[in-house]
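Here is what each chain is made of, one letter per residue.
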Amino acid sequence: MAKKPAIELRTTPHIHAPQDVIMIMRNVVYASLPMAAWAVWQYGLSALMLLLVVVASCMLSERVLNAKQGNTLGDWSAAITGILLFLTLPPGFPLWMGVIAGFSAIGLGKALFGGLGMNVFNPALVGRAFVQAAFPVAITSWTPAFFDGRFTTLIPSTLTAPFMIPPETGEWNMQVAVDAFTGATPLGLQKFDAVSTPVLDLLTGMTAGSAGESAALIILVCGLYLAFRGMLDWRIPVAVMAGTAITAAVFHFIDPVAYPDAMFMLFSGGLMLGAWFMASDMVGSPVTPAGVIIYGLLIGFVTVIIRLFGGLTEGVMYAILLGNAVTPLIDQVTQPRVFGHRKSS
Amino acid sequence: MGIFNLFGAGTFRHGVHPPSHKAATAHQPIRRLPFPDHLVIPLNQHIGKPAKLLVKKGQEVVRGEPLASADGFVSVPIHAPATGRIRDIRLMPSARGEQAMAIILHVYAAATQEVLWRNPVDPGALDPQGMIQAIQDTGMVGLGGAAFPSHVKLSIPEEKSVDTLVVNGCECEPYLSCDHRTMLEHPRELMRGIRYAMQATGVSKAIVGVEENKMDAVKLLREHLHAQSDISVEAVETKYPQGSEKMLIKSLMGREVPAGGIPLDIGVVVNNVGTLAALGKLLPVGEGLTERVVTVTGPGVEKPGNYIIPLGTPIGYVLKQVGYIGGENEFILGGPMMGPSVSDMETPVTKGTSGLLVLNEPEIEQETRRIWPCIKCGRCLNACPMHLNPAYLGLLAAKREYEEMAQTYHLNDCFECGCCSYVCPSNIPLVQHFRIAKAINREQAA
């Protein structure tokens, strides 16, 4: 040989499947952008500003709190947390509270546990739970969708000065609402006024709610994109939806007047967003084949129980956080049977 | 068979589908490489005790002559791949990384392909015991890569009973096509080899399992079955690691080798098609194993193909013959999923070398990607053919809880096929973690 070649020595296997963490995370970002765009279309400038502020807060928190691991912004996970967190907040949520939500999502939900892969709970939901406890009024102040002038004017509560109580928006709501807007979400209407919302309205987002919880159809399409690319375990959202539908159907069968039907339960509130984008978060969900099914069914069941019998109108968030909490236990008891062994042990 | 075939080709659960990269070599006939000027012939080309040296430094040998004899039952003889003079006997680099005692044979410039030493037997007249001895005399080992002495594998202990010979024609490793070409070009030798193996083991039934991406081989072998209903050829799903013994038996017969056991425990003996085809060729004429078919391929090779290469040929010589593209290269003996990478160009082709794969810069760059924390995506669980939990094993390895890995998570059932590392989006070198864990557990037990 004329010249000695540069030789690489490596351990097996020498080839690798094309998908890596960055590629998966980037695609989750792509998949969540249409949902964010829809929210901006629905609620205008306020939603856009909230989106930018929450994402910036998450990324800044990640950079500062996870500095020990170097710059981890490149893995996109903080951006995903930001977008998902934004989608769970009311569109007129004061921006300064959005900063706190983002900070607590990354700080309490992720950095505290050791960063990417180490967190027990879904960071976006930890952030949402924090601000739900801290600002119970602001987090349930809804705004009518598609109000006039939404791209030129802000929702009054958006620019609330830091640490100040946001202004009452009830009167403003009445002024801008296209039709009789009561400021109540479909779940609220159902629970307190026994008024049902047509499923078609739920599917297309013609209702009040958090930025991303309306328009179940868009969420479904975005989720299916990830599922088809193999970047989301489709068994989890399917199990969550199955758990929800079965539990809701049983109660509806017992008393059709008091309890809404399965379709309403599936497409109202944050269920679709939670099922497809939060319960399916890889880090907080079980790894075993049987485990993901149990986990999904459990989340669906708990969601319906909270919605029907709890003090809150919405139960998806706590159901998923509960699911995250029992994930290690589920993994423990659902270890697959190893090839050549009689039973799992 | 049975219920599995109702739904198409037989298969096992899990596994991965890496790109095959076989097209570059699978359609070209097997060619022969000339002799290099010297051969490096290790005495431990097989699993078991190294062969016992029969020659001295300076001695002249002819092609086919035994250079070393089997040292006990789990050992095989080594025959001279070429006519020449023994230049030296010393430690040389080997594929496994450690230095191994090897014969350096200076090949005469005028050496021909003619085999000048043989010890013919009449296979028809042999009883099982005699057949086992005749197989050992050929120096045959598993040519699929394991290099386990074939006669040991075909010896059935008295307390065991075996009903089926499974012939492994899967060749599930990407890039490799030497078994495929052997099936296409040497079906008669293969059928003869299957007969010898059946004769040695006393089984009445043989199943040849071939992956679905080689239907031409399936069709051709079926044409050679005649009315012999005791041999059948079955297509199995193209999926890595279909060619692993345990997976193939599951795919063909639905039987599971018990944990810690071997195919014999469930009445099966598995042999590779390349092994049996070589046996069918060598045994009746009484020749030893002196050369083998090797797939030389990869993006770093100018003339990829399947070559008959004399055992002991240094890989540097092989690469010079086929032409390789310079730059940053990785040299792998065998397939990319399980083959070791080597650095020394004097490393020889040995009995267990099924391929020489040269990956160059783009592939290597892909491999140097950053390692991320485990995100518990669970892909490794859905890839592991043994249904282990590589994710948890990996987390335990990071905490050095090696005993827990073995006791609770069945580390020792892992056969290092590499599926988990292949799919891991975080690029965690899981197989390497498991190798280290096993080695430490072994040392602590000792």
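Residues numbered from 1 in each chain as written. Chains lettered and ligands numbered in written order. Predicted model: local features only at pLDDT ≥ 70, side-chain atom pairs only at ≥ 80, totals over all residues.

## Considerations on the overall build of chain B
Here is the rule we go by: Only DSSP runs of H or I reaching four residues or more are called helices, and only runs of E reaching two or more are called strands; each is numbered from the N terminus. In this treatment the radius of gyration is a C-alpha quantity, and the globule benchmark scales as 2.2 Å times the residue count to the 0.38 power. Buried residues are those with 20 or more other C-beta atoms within 10 Å of their own C-beta, exposed residues have 12 or fewer, and partly exposed residues lie in between; C-beta atoms are placed from the backbone. Here, residue contact means that the backbone-derived C-beta atoms of the two residues sit within 7 Å.
If you tally the helices and strands in chain B, you get 16 helices and 17 strands. Here the C-alpha radius of gyration of chain B, 22 Å, is about what a compact globule of 446 residues would show, namely 22 Å. For chain B, the spread of C-alpha atoms along the three principal axes comes to 60 × 55 × 45 Å. Within chain B, buried positions represent 57% of all 446 residues. For chain B, contacts bridging at least 24 residues in sequence account for 73% of all contacts bridging at least 6.

## Section: the nonpolar core
Put simply, the rule reads: For this entry, the nonpolar core is defined as buried Ala, Val, Leu, Ile, Met, Phe, Trp, Tyr and Cys residues connected by C-beta atoms within 7 Å.
Grouped together as the largest cluster of nonpolar side chains are 227 residues, with contacts concentrated most on Phe86 of chain A together with Ile194 of chain B. Here this core gets 11 residues from one element, more than from any other, and that element is helix H1 (residues 21-43) of chain A.

## Considering the sheet that holds strand E11 (residues 231-236) of chain B
Residues and elements named next belong to chain B. Stated formally: Here, strands pair whenever DSSP counts at least two bridges between them. Angular values range over 0 to 180 degrees, each being the angle between N-to-C directions of two axes fitted as lines to C-alpha atoms, with helices fitted over their stretch in contact.
Strand order in the open sheet formed by four strands is E11-E10-E9-E12, with parallel pairing between adjacent strands. Edge positions in the sheet fall to E11 and strand E12 (268-272), since each of these pairs with one other strand and no more. When strand polarity is set aside, the average angle formed by the axes of neighbouring strands in this sheet is 25°. Both strand E9 (residues 164-169) and strand E10 (residues 205-211) contribute to a ladder of six bridges, which runs parallel. Looking across to E10, one finds that leucine 165 is bridged to alanine 206. Across the sheet, helix H6 (residues 187-201) is in contact with E9, E10, E11 and E12; its angle to E9 comes to roughly 150°. On top of the sheet, helix H9 (residues 273-285) reaches E9 and E12; it is set at about 75° to E12, its chief contact.

## Remarks on the domain arrangement of chain B
The test is simple: All the domain ranges listed were derived from an automatic or database domain assignment.
Entries for chain B in the domain assignment read domain 1 (3-27 + 131-285), domain 2 (33-118 + 288-364) and domain 3 (379-445). Relative to domain 3 of chain B, the C-alpha centre of domain 2 of chain B lies at a distance of 32 Å.

## Notes on unusual backbone geometry
Put simply, threonine 12 of chain A and proline 13 of chain A share a cis peptide bond, and its omega is -10°. Among the structural elements, proline 13 of chain A can be located in the loop between strand E1 (6-8) and H1. For the peptide bond that leads from tyrosine 240 of chain B to proline 241 of chain B, omega is -5°, which places it in the cis range. One can find proline 241 of chain B in the loop between E11 and helix H8 (245-253). We note that histidine 14 of chain B has phi near 75°; this positive angle belongs to a residue other than glycine. Tracing the sequence through the fold places histidine 14 of chain B in the loop between helix H1 (3-6) and helix H2 (23-26). Unlike most non-glycine residues, asparagine 427 of chain B shows phi in positive territory, near 60°. One can find asparagine 427 of chain B in the loop between helix H15 (419-423) and helix H16 (430-445).

## Let's talk about the packing of H6 of chain B against H9 of chain B
All names here are of chain B. Just so we agree on the cut-off: Relative orientations are named as follows: roughly parallel for angles under 35 degrees, roughly antiparallel for angles over 145 degrees, roughly perpendicular for angles from 65 to 115 degrees, and oblique for any other angle.
Taken N-terminus to C-terminus, the directions of H6 and H9 make an angle of 90°; their axes are 7 Å apart at the nearest point. Between H6 and H9, the angle falls in the class roughly perpendicular. For the pair H6 and H9, contact is made by Glu189, Leu190, Met191, Arg192, Gly193, Ile194, Tyr196 and Ala197 and by Val273, Leu276, Ala277, Leu279, Gly280, Lys281 and Leu283, respectively.

## Comments concerning the interface of chain B and chain A
Taken together, the contact pairs 54 residues of chain B with 36 residues of chain A. Considering each element in turn, the side of chain B that touches chain A owes the most residues, five residues, to strand E15 (residues 328-333) of chain B.

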